[in-house]
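Chain by chain, the residues run as shown.
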Amino acid sequence: MDECTAYRLRIINRAISKLYDDALRPFELRIAQLNTLVVVMQTQGLTPNELSQRMHMDASTVSRNVERMCKSGWLKLADIDDARSHEIQITEKGMKLIADVAPAWEAAQREAEEMLGVSIGKAIARGANRLANE
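Residues numbered from 1 in each chain as written. Predicted model: local features only at pLDDT ≥ 70, side-chain atom pairs only at ≥ 80, totals over all residues. Heavy atoms only, no water.

Student: I'd love a proper account of the environment of Leu34, names of residues and values included.
Tutor: One can find Leu34 in helix H2 (residues 31-43). On the basis of relative accessible area, Leu34 is assigned to the buried category, the value being 5%. Remark: the alpha-carbon pair of Leu34 and Leu46, spanning 12 residues in sequence, is separated by 16 Å. Non-local contacts of Leu34, meaning those with residues more than four positions away in its chain, are made with Leu24, Leu29, Ile98, Val101 and Trp105. (Helix = DSSP H or I, 4+ residues; strand = E, 2+ residues; numbered from the N terminus. Buried < 20%, exposed > 50% of the residue type's maximum accessible area, 1.4 Å probe, protein only. Contact = heavy atoms within 4.5 Å.)

In structure tokens form, the structure reads like this:
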């Protein structure tokens, strides 16, 4: 088990996610939600399927997360030409939240870099970039 890459990555993921979640807790936000907000902001809107593919998440998880974030007023759903889908868009409230949490996120980012070390942090970034471009 100690040699299992999935096991090791889960340990890293849990530790780093906890660090960010703790930093974002005063804003009633989790790191997965912030990541979703940023992706929607950067793309200027996308369908649930596109969000699912971009974030490497299953469709049901995306749907649940987006629904919660719409209820919080951070995201909204807009009609598109395809009646079978809709576009996820960020709201002004969502944009403000990103700006408000930036200092807490930056502090968590520095702490994560210290926790992992420079070489591991860079290796994770390279791996994530490779997967994102598949």
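Student: How would you summarise the nonpolar core if you had to cite specific residues and measurements?
Tutor: Grouped together as the largest cluster of nonpolar side chains are 25 residues, with contacts concentrated most on Tyr20, Leu24, Leu29, Leu34, Leu37, Leu51 and Leu75. At 6 residues, the largest contribution of residues to this core is made by helix H5 (residues 92-116). (Core = buried A, V, L, I, M, F, W, Y, C linked by side-chain atoms within 4.5 Å.)

Student: If you had to explain the environment of Glu106 to someone new, which residues and values would you point to?
Tutor: Within the secondary structure layout, Glu106 lies in helix H5. You can call Glu106 partly exposed: its relative accessible area is 40%. It is 24 Å that separates the C-alpha atoms of Glu106 and Arg130, two residues lying 24 residues apart in sequence.

Student: Describe the pattern of salt bridges, and please don't skip the residues or the numbers.
Tutor: Enumeration over the complete set of coordinates arrives at 5 salt bridges. A salt bridge links Asp21 to Arg30, with the shortest nitrogen-to-oxygen separation between them at 3.1 Å. Judged by relative accessible area, Asp21 falls into the buried class, the value being 9%. A cluster of three or more residues bridged by salt bridges with shared partners is formed by Lys18, Asp22 and Arg25. (Salt bridge = Lys/Arg side-chain N within 4 Å of Asp/Glu carboxyl O.)

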